[in-house]
Structures are given as structure tokens and as C-alpha cells.
Amino acid sequence: MNYIAKKGVLKRVCLSILILFSLHHAGFSQAQNIPVNFRVDNLICEYKVNPIAVDVANPRLSWKLITPDRNIQQTAYEIRVGSNAVSLTKGKDILWTSGKVLSDQSVLVYYGGTMLQSRQKCYWQVRVWNNKNQVTPWSMVNFWKMGLLKPEDWTAKWIQNNYQSDTTGGPSPMFRKTFKLDHKIRAAHLYITAHGVFEAQINGKRVGNDYFTPGWTSYNKRIQYQVYDVTSMLQKGDNATGVTIGDGWYRGYTYNRKKNVYGKKLALLYQLEVVYTNGKRQLITSDKSWKVAYGPIRSSSFFDGEVYDSRKEKPGWTTPAFRDLTWDTVKTDETIKDNLIATAGPTVKKHEKFLPLKVFTTPEGDRVVDFGQNLVGWVQFKLKANAGDTMKLFHAEVLDQKGNFYTKNLRTAKQEITYVFKDDSVETFEPHFTFQGFRFLKVVGYKGPLDSTNLAAYAVYSDMAQTGHFSTSNPLINQLQHNIQWGQKGNFIDIPTDCPQRDERMGWTGDAQAFCRTATFNMDVAGFFTKWLKDLSADQHKDGAVPYVVPNVLDSVSAAASGWSDVATIAPWNIYLAYGDRQVLQQQYESMKAWVGYIQQHSRNYLWDTGNHFGDWLFYAGTNYEDGAALTDKNLIAQAFYAHSTQLLINAAKILGKNEDVQKYTQLLVNVKQAFQSEYVTPNGRMISGTQTSYVLALNFDLLPVNLRLSAAKRLVHNIEDYDEHITTGFLGTPYICHVLSRFGYTDIAYDLLMKESYPSWLYPVKNGATTIWERWDGIKPDKSFEDPEMNSFNHYAYGAIGDWMYRVIAGINTDESGPGFHKIIIAPHPGGKLTSAQAELETMYGKVKSAWSIDNGIFTLDVIVPPNTSAQIVLPAVTDQITESGLDINTEKEITGIQKVGDNEQLYVGSGTYHFVYTLKTYGKAN
Ligand code: BGC
């Protein structure tokens, strides 16, 4: 067992002792019922377990109730916070206690004690009461630690190197320092950030396992710092530390090969705070005493890859013994006035490992490795060559029609690793400051064997827990779900990007809004989006225009496009629904309002028909005149999203209690819808663009008078039938089309769309071997040739927005604003599409929700899990006879309430627990 593992065991033992302590000292009154099976667990602060860099004044605490019993609701909670874990469990030295609060809130409860100081560590635990008059023991003890809250907390100075050659695309500077620590160390924390992306080492070991830190934000306005507990990396006596910095997003190439977007000079800010066992503190900070040199990383770039000359390595450069006499001095830059913030979202980490599926020679004679999955990350190799040999690795997503390595769709991005071997030993390498989007690797300049012993590909993405699982009896749909998830993994690299391979990789807002809700079903994206939305606010123009990309690296006119900029209202609302996070609405409210304000300013008589819009991007364009019908008027779309954003603003205003705004924007919405109808809808409800997207947006956003909606839905269905049940929508219509069909009673048509295997459809790429979502419906055309390489990414998540319908309608797991964050759950599965089973699970803020159905010989079975402290409305589809739950007639179970027939369905309500329903299914639609 290594030291770290031993430490882990020790920690767990200590925690168990603490829990026993807490049980013993809890001091429950005799009258209270202490159940064995009822406890609190999963304590998190600001969405993280034991975070050490919190910089909000009142951190929010969440916990989960654990019990196998049915119908358990929290009726009260008590939180206590202290500065010492052991005293806390004895109820001593309490910093703050909430007292017993009669409330069912177990998610995002504000710390309400005295103002917290920089570096303060707070231990906390909670106990809760339930509706069965039970109380849990005090929970385990978790903690949070405050970051550096004030600029004065930073004594470190920004340092830079003096080299002339310090420029974009040049070598990566390595900064180093040695230092002595005089006493035994109690704790040590490193606060660090950079202009560029950094990798730090202490005494020869890498600090942490994050990549591309400090992450991408709107650097001129907000720059994150990271905090690492480095206690175990330091020793009494001599120590050394070093930091390498790459160009990253700060000054590296971006769109149109623009560079130096945020500045020309790389820089480091480093503050190591050591506390000795005698209570004294020592600081090691970046200042003029540091040394700098260039080393093996000759260049690094997200687009182009890395050039690494291992002959230039400086072995032992972060150990005290290393001699740095030839290294240069550094300069400090006191003019840098950064707005430093703690890291709120998840950092980027290394995840899945893929071994070569096969190694082969292409018809053109290239040696190529297939990793079997289009992924984003890099290849690690362990190879042996001669000193000075140069090897090049090229990365591609696909092979062409003839089976040759294809990189045209990368445009100017090189995605190339150049490695120079230092000697004839086995050399292990993986790049530092770059990532590639690829499935295939071309190896040039290396003749030896290539196989799973010496090559591996690693997926790298923001460290979001996988919270959702979805599968069905249809393997093609399962592959689609796989592709959606991999689209998410590959494009959630610190920010939501459009694509991870060609020379873009930017936070395109339209793509993010289309996919956002689906993203919440696959992974925990609360922190990820909260952080990014702050950059959106930061980069939003004074007049409210939201840039096409966030962080904004384009010019100042690249802003305010309908369906793109609307991410300003759509994403906060989705995060609110998925996590019940009211604060994100609060945080974004001004930005939401400013965006709607921008549109108002640019409208005449409530009609927004000006500006540049992308429209229903990449809709099915077809090849003949009639196919042109899939083109939707861009201004119609703009007006539809104007209404939608206004509606979401009203929703937010209601939740935040901004009554004046509710009234004001409700009136505005009436006028906006009116203008929509007069301009784009005939009196009989025909849309001026007779497209799927046009009807989908009008119906999804409630833009038509009620009496015209059913006929409009029929028109949508006719349109779909005209295309032989193919989808023709682009980025903006796609997320909603199946929802609209389901809402108006056409789930069978929605299934037809989903199950279609020919182009254009979701399964067409699947049938053509896709392992991610493609940018276009036909990235590879039916004749196997490619779409225009200028716009042909094979890893673009927007069309993956169908995932939301798969979770919410096929499996039927949903929530809404009456109980956001799955406090109130709706379980309404919709069998169809010849599926014989479908199951989804979602780890929510309250615990696991599950809906799993199967059909066997007409017998429908539904297994449901409703987590404690929530309740669910269950809608059982197409019921013909008596329904049993765990073998009992549902009418005899007192825990099941509100049983009511609604059409063919049976509606009922349950509290938390596990349920197993069985009944005979009425023939369900035409699909079954
Ligand atoms: C991106 C898209 C983006 C679009 C805007 C493209 O180049 O890759 O996904 O939304 O531009 O038109």
C-alpha cells in the first residue's frame, strides 16, 4: 500500500470514529425514535465534497437522506459548523448552528453564520427529522475551506521570463525555486494560477491531477486560481518547486488563427502557504528570486499539438539538488490587476483509457492505429528508438472512402505531436498543453511494433460525475445514447465547446443552449454551467448583446444572434430545473433581463426582424427545389426565441419574487406573440415557413392561439410524413421536435423519427459507424463521400439534444418548476418504437431516481425508485386491467394516493421508495 492509500484508510478510520462519537454525543431525547435505517449522507458544499477553495460569502450545503423506507420526507434539519472536527461531534466550539429548522429543504441550504475569513476551514454535520417522527444520528463530518477572499491575501507577485523568444507558438518556460522549511509541517496549501496553462511540480512530483488549469474564463475580467493540499509533498529541510507554462487559451491560436487574445506574455502567480506544527506560517511565493529556462516543450497549442524534444529535458529540475546556475532571472509585473476567483466548476481531468483496436496500413501506405472511439484527449506512448530520431503522431476522426487517413475537416488545426527521442531507452510520453479530437492515429518516423503494450489513448474532460444512465432493448438507440455521452465528454473541456478537433473549439452559445438540458441528464453539470454563465455575463455587451461565443474571442460585432444568444435565458433555467438552484437564476437575472432588453431595443412594434442570425443551422438542405422547404425564415425564428427568452425571464422573475418584472414582461410577451402571429401565421394557422422547425418552435413556445394549435400539430405531422418520416430540422428545431409531437399526442411519430435509419435521422450516423454525434446529419454521405470539409466535424453535440426526450419521454423521468431539482418527480414512461424495454437512472440532488419498463407478452412492468424527501406523480400508460404494485392491488395500498384514470392512463402519487408495477398493456400506438 502506498503512502496516499494508507492515508486514505487512516482518514476513513478517523471518520468512522467521528461518526461513532457523533452517535454517542448526539444527546437525543428518549422520546425520539432513533432508527437504524435512517441516516444522512453525501454532504456537499457548493456541489463539491470537501472543497478547499470556496470564495462565496455564504456557501450552500446539501445532503441526502438514506433510508429504504417508503414515504419519507424531511420535516426538519439541524446543521452545525465548527472549526475542529472532534469538538464539533461533541457539540463544542460551535461556530454556527442552524438550530432545528422546520423545513424540507435538503439541497443548497445557505450557511448562516458569521462572516467567513480567508483560509478558514469549517467542519460541518447535519441531522434531520422525518415525517415518521424519526431523527437521524448526526451525519459524518465533512468540511469546506475558504479560499483567498481579498486581493491583499496575495503576497505573491506575477512573474514572467525575460526571453525575447517568448511568443505564441514558442517553447514553454519553466520557472523554478528552491526553499528551506525549518520545522515539521502541519499543513501546506498551494494557491496558484497563470496566464497560459500550467503544470506544477514539487520535489519531482506533479501537483494534483488537473489539466489546462487555471481553466478558461474571460481572463481580463475573471481568472481562476487553483488550490492544492500539498502537505504530503513537502519535507522539513530542502525543497524545490517548478511550474511549466503553455500558451493555452491565454495567448494561443484561436479562431482564424488569431493569437494573444488576452495578452502576449505568459506569467505565473504562485503562493505556497506552509503552517508548521508550532503554529508558525511560512510563505513561498513567486517573486524575483525564481529562475526560468526553456526545456523540452518546444511549442504547444490546442489546435496544433506539441513539439517535444526530450534531449532538452532537465532531469530533476524540481528537486533541490538541481543546479540552475545557467538559468535566467525572472521579472515581476506589478501592473497585472487580475480579478482572481476561486475555481467554482470542475477542473479537467484524465478519464477513460483506450487501447488500440487494430494497427494497420492504409492503401496510401500510412501506419494507422484505430482506438475504436472518437475521443478527445491524447495518446500516451512507451517507445524505444535511437537518440535524435523524430517521430510524428497525427490525429484524425475518420478514414476516407478508400480507408485512408483523413484530416481535411480539421481545417488549419494540425493536431500533431512531434517527439524527438533522447537515447535508446524506452521513453514514455504524453503531451502537456494540448488535446486532440481523434479516433485514428497515424505514426510517422517510427518503425518498431505498435500495440496495446506501448500505446494508449486517454479521454480528457471536465471532471463531472456521470449522473445519468439510459438504455433500451434496441442496440442502435443504445449506441445513440453512447454517442451523445461521448459528444458531451469530448466537448465539455472547461467550457462547452462546439467541436474539439478543428480550428474552432470555442464556446458557441447556440450549441450550448441546444444541448444544455440533455447535458443535465447525463452528468452533473451544475458547477460547469454556473461558472460558464458568469463568463457569459462578464462578456455580455453593455447593450445586452450576448456574444456568439463565450468566453468571447471573436470581434465585437459577433454578438446577438437568435437561438445562440438565448443561451443567456435557457441555460440558467435548465440548471434551475435540474438542480433546484435558485441562486443561478439570481446570479444571471440581470444578464437575462439585459438580453431581452437588447431585443426590445432592436424591435419595431414588438417585432424583431433585424440583425444577423444563423437561423436553423444545418437543417436538412436536400438536393432539389422541394427539399428547400426545410428552410425556415430566420426572422420568424428570431421572433420565436424573443418570446421564449421573455417567457423564461418571466419564470425567473416569478421565482425571485420580482413582481413588477413579472407584470411588465408578461405584457411584453403578449405583444411579442401577437406580433409573431400577425407577421408569420395566417388566420387559419398556417406558418409562412411550412417547415418542421417553424411549427415546432411555434408550438413549443406556445406562440399560436390555443384554437390553432391542434391543426398546427397536424401540419407538422403531415410535413414529417411528406419527408417519409425523416427529420429536417437544424440546431434550433431539433431539441424540441419530439417533445412537441409527444405533447400533442404524436409520440408514435416521434418514435418514427427516432427509429429512422436512413438520412436524415439520428440513427443514420449510428448505422454508419459513428461513435459520437456528428455536426451534420450527413457528415458521411450515403455514397460514403464526405460533406464539405470546411464544416464537417464528427464530434458536435447539438443533434444529441434528443437525449433529453429519451430520458424525459421514453423512460419518462421529469421534473418541473413546481418542484425543481426533482424534489417533485414526474414518472411518465412512453413505450413505443417497438422497444420491449427502456430504463433510465438519474442521480439527483436528492438521490437516485429510476424508471425502468419492460413489455413481455403484453404485460407491462415498471420499476420506479423515488428518493427520500421527494415525491412522485406516476403516469402509467395504456392501462387495461387491474394494476398491481409489488403484488398488491394498488387500490389497497395506503401509500399510493390520488389514483385517477386520465384517458387510457392511470395517474397516481407516491412518496419515496421502490415500486414495482405490473399490468396488461393496451396496444400502444402503432409502434407496438
Ligand atoms: C460552429 C457551430 C456554431 C456555428 C455558428 C460553427 O462554425 O462549429 O457549431 O454554432 O459556427 O454558425
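Throughout, a residue's number is its position along its own chain's written sequence, starting from 1. Reporting in this predicted model follows two pLDDT cut-offs: at least 70 for local features of residues, and 80 or more for side-chain atom pairs to be given and counted; totals over whole chains, interfaces and linings ignore these cut-offs and use all residues. Calculation of side-chain values draws on the structure's entire complement of heavy atoms; hydrogens and water are dropped beforehand.

Concerning the sheet that holds strand S46 (residues 913-920)
Definition in use: The pairing criterion for strands is at least two bridges between them, as found by DSSP. A helix here means a DSSP run of H or I that spans at least four residues, while a strand means a run of E at least two residues long, and both kinds are numbered starting from the N terminus. Residues are treated as being in contact if the distance between any of their heavy atoms lies within 4.5 Å. The axes are straight lines fitted to the C-alpha atoms, using for helices just the contacting stretch, and the angles between their N-to-C directions are given from 0 to 180°.
Reading across from one edge, S33-S38-S39-S40-S46-S42-S43 is the order of the 7 strands in this open sheet, with antiparallel pairing throughout. Two strands in the sheet have a free side with no partner beyond their single neighbour: strand S33 (468-472) and strand S43 (888-889). Both strand S42 (residues 884-885) and S43 contribute to a ladder of 2 bridges, which runs antiparallel. Bridging across to S43, Thr884 finds its partner in Asp889. Along the sheet face, helix H16 (residues 802-811) touches S33, strand S38 (837-844) and strand S39 (847-856) and points at about 65 degrees away from the line of S33.

Structural notes on the site of the ligand
What counts, and what does not: Note on definitions. A residue lies near a molecule or strand when any single heavy atom of the residue is within 4 Å of it. Distance and chemistry together define a polar contact, namely a pair of N or O atoms within 3.5 Å, with one atom able to donate a hydrogen and the other to accept it when in protein, and with adjacent residues in sequence counting only for side-chain atoms on both sides. Residue exposure ignores everything except the shown protein chains as possible cover, and the areas themselves are Shrake-Rupley values with a 1.4 Å probe. Each residue gets one label: Ala, Val, Leu, Ile, Met, Phe, Trp, Tyr, Cys and Pro are nonpolar, Asp, Glu, Lys and Arg are charged, and the others, such as Gly, are polar.
Near the ligand, the surroundings consist of Asp498, Arg502, Glu504, Trp508, Asp511, Trp564, Phe614, Trp617, Phe731, Glu775, Met791 and His796. Arg502 places a polar side-chain atom, nitrogen or oxygen, 2.6 Å from an oxygen atom of the ligand. Within the side chain of His796, one N or O atom sits 2.9 Å away from an oxygen atom of the ligand. Compared with its free state, where it exposes 310 Å², the ligand has 96% of that area covered by protein. For the shell around the ligand, a count of residues per class yields 6 nonpolar, 1 polar and 5 charged.

Quick notes on the UniProt feature "domain: Alpha-L-rhamnosidase concanavalin-like" (unreviewed entry) in the protein chain
Quick reminder of the rule: UniProt positions are given in the numbering used here, feature names are shortened, and annotations may be inferred rather than shown by experiment.
Per the UniProt record, "domain: Alpha-L-rhamnosidase concanavalin-like" (unreviewed entry) is annotated on residues 361-460. End-to-end, the C-alpha atoms of residues 361-460 are 27 Å apart, and along that stretch the chain is 0% helix and 54% strand.

Quick word on the pattern of salt bridges
Where we set the bar: One speaks of a salt bridge when a side-chain nitrogen belonging to Lys or Arg is within 4 Å of a carboxyl oxygen belonging to Asp or Glu. Three labels apply to residues, based on accessible area from a 1.4 Å probe with only protein chains included: buried if under 20% of the type maximum, exposed if over 50%, partly exposed otherwise in between.
Applying the stated criterion to the full structure yields 45 salt bridges. Residue Asp324 is joined to Lys291 by a salt bridge in which the shortest nitrogen-to-oxygen separation is 3.4 Å. Here Lys291 lies in strand S18 (residues 291-294) and Asp324 lies in the loop between strand S20 (305-309) and strand S21 (328-332), a separation of 33 residues in the sequence. Both residues of the pair, Asp324 and Lys291, belong to the buried class. One salt bridge in this structure joins Asp370 and Arg439, with 2.8 Å as the shortest N-O distance. Here Asp370, found in strand S25 (residues 367-384), pairs with Arg439, found in strand S31 (residues 436-444); they are 69 residues apart in sequence, far enough to count as distant. Taken together, the shared-partner salt bridges in this structure form one network comprising Arg119, Lys150, Asp153, Glu273 and Arg281.

A word on the packing of helix H5 (residues 509-522) against H16
The geometry of a pair of packed helices is captured by two quantities: the angle between their axes and the separation between those axes. Keep this limit in mind: Just so you know how the angles are binned, under 35 degrees is roughly parallel, over 145 roughly antiparallel, 65 to 115 roughly perpendicular, and the rest oblique. In this scheme the handedness of a crossing depends on how the near helix is turned from the far one: anticlockwise by less than a right angle means left-handed, clockwise means right-handed.
Closest axis-to-axis distance for the H5/H16 pair is 7 Å, and the angle between their directions is 50 degrees. Viewed along their axes, H5 and H16 adopt a mutual orientation that is oblique. As H5 runs across H16, the sense of the crossing is left-handed. Together, Arg517, Thr518, Phe521 and Asn522 of H5 and Ile802, Gly803, Asp804, Tyr807 and Arg808 of H16 make up the contact between the two elements. Split by residue class, the contact of H5 with H16 holds 3 nonpolar, 3 polar and 3 charged.

With respect to the nonpolar core
Side chains of a nonpolar character, in soluble globular proteins, are inclined to be buried together. The line we're drawing: Buried Ala, Val, Leu, Ile, Met, Phe, Trp, Tyr and Cys residues that are joined via side-chain atoms within 4.5 Å together make up what is termed a nonpolar core.
Residues Phe212, Leu754, Trp762 and Phe917 are the most contacted members of the largest nonpolar core, which totals 214 residues. Sort the elements by how many residues they give to this core and helix H9 (residues 634-655) lands first, with 12 residues. Setting aside residues up to four positions removed in sequence, Phe212 forms contacts with Val197, Trp249, Phe302, Val348, Trp378, His432, Phe433, Thr434, Phe435, Val460 and Ile493.

Considering the sheet that holds strand S41 (residues 871-876)
Ordered in space as S36-S37-S41-S45-S44, the 5 strands form an open sheet in which the pairing is mixed. Strands with a single pairing partner mark the edges of an open sheet, and in this sheet they are strand S36 (813-814) and strand S44 (897-902). With 5 bridges connecting them, S41 and strand S45 (residues 905-910) associate as antiparallel partners. Bridge pairing links Gln873 to Tyr909 in S45.

Considering H9
Helical geometry note: an α-helix holds 3.6 residues per turn, so side chains three or four residues apart project in the same direction. Filter applied, for reference: Expected helix span is taken as 1.5 Å per residue step, with the number of steps being one fewer than the number of residues.
With 22 residues, H9 should reach 32 Å at 1.5 Å per residue; the first-to-last C-alpha distance of 32 Å fits that figure. Counting buried residues along H9, 17 of its 22 residues qualify, which places the element largely inside the surrounding structure. Looking one or two residues past H9, Gly657 carries a phi angle of roughly 70 degrees, positive in sign.

Side note on the layout of surface pockets
Convention followed: With a 1 Å grid laid over protein atoms only, a set of points is called a cavity when a 1.4 Å probe fits there but cannot get out and a pocket when it is open yet has protein on both sides within 12 Å along at least five of seven lines; lining residues have an atom within 4 Å of a point. Grid points are joined across faces, edges and corners, and a volume is the space filled by probe spheres set on the points. Throughout the structure description, domain borders are defined by an automatic or database domain assignment.
Considering only enclosed or pocket space, the second largest pocket measures out at about 1,200 Å³ in volume. The wall of the second largest pocket is formed by 38 residues, among which Arg517, Asn700, His739, Arg808 and Asn814 lie closest to the centre. Every element with two or more residues in the lining of the second largest pocket is listed here: H5, helix H7 (567-579), H9, helix H10 (659-680), helix H13 (734-743) and H16. By residue number, the principal contributor to the lining of the second largest pocket is H13, which donates 6 residues. Taken together, the residues of the lining of the second largest pocket break down into 18 nonpolar, 12 polar and 8 charged. Residues lining the lining of the second largest pocket come from more than one domain, with at least three contributed by each of domain 4 (468-811) and domain 5 (813-920).

Things to note about the environment of Ala560
Following the sequence through the fold, Ala560 ends up in the loop between helix H6 (526-539) and H7. For Ala560, a relative accessible area of 5% gives the class buried. As for Ala560 and Gly544, which are separated by 16 residues in sequence, their C-alpha atoms are 8.4 Å apart. If near-sequence neighbours (up to four positions away) are discounted, Ala560 is found in contact with Ala545, Val546, Tyr548, Ser565, Trp595, Tyr598, Trp608, Asn612 and His613.

Examining the packing of H6 against H7
Across the interface, H6 lies against H7 with an axial gap of 11 Å and an inter-helix angle of 155 degrees. Judged by the inter-axis angle, H6 sits roughly antiparallel to H7. Relative to H7, H6 is oriented so that their crossing is left-handed. Across from Ala526, Phe529, Trp532, Leu533 and Leu536 in H6, the residues of H7 making contact are Val567, Ala568, Ala571, Pro572, Ile575 and Tyr579. Considering only residue class, the contact of H6 with H7 consists of 11 nonpolar, no polar and no charged.

Thoughts on the side chain of Thr168
Along the chain, the position of Thr168 falls in the loop between strand S9 (159-161) and strand S10 (173-181). For Thr168, a relative accessible area of 8% puts it in the buried group. A polar contact is formed between the side chain of Thr168 and the backbone oxygen of Arg251, at a distance of 3.1 Å. Side chain to side chain, Thr168 and Asn260 meet in a polar contact 2.8 Å long.

Some remarks on empty space enclosed by the protein
Within this structure, the stated rule accounts for 3 cavities of 30 Å³ or more. Put simply, the largest cavity is a space of about 90 Å³. Lining the largest cavity, in full, are Trp216, Trp249, Gly252, Tyr253, Thr254, Phe302, Phe303, Phe435, Glu504, Arg505 and Val553. By residue class, the composition of the lining of the largest cavity is 7 nonpolar, 2 polar and 2 charged. When we break the lining of the largest cavity down by domain, the ones giving at least three residues each are domain 2 (154-342) and domain 4 (468-811). If you add up the space inside the second largest cavity, you get close to 80 Å³. Along the walls of the second largest cavity sit Leu480, Asn483, Trp762, Pro765, Val766, Ala770, Thr772, Ile773, Trp774, Arg776, Trp777 and Tyr799, which together make up its complete lining. For the lining of the second largest cavity, the secondary-structure elements that each account for two or more residues are helix H4 (475-491) and helix H15 (763-767).

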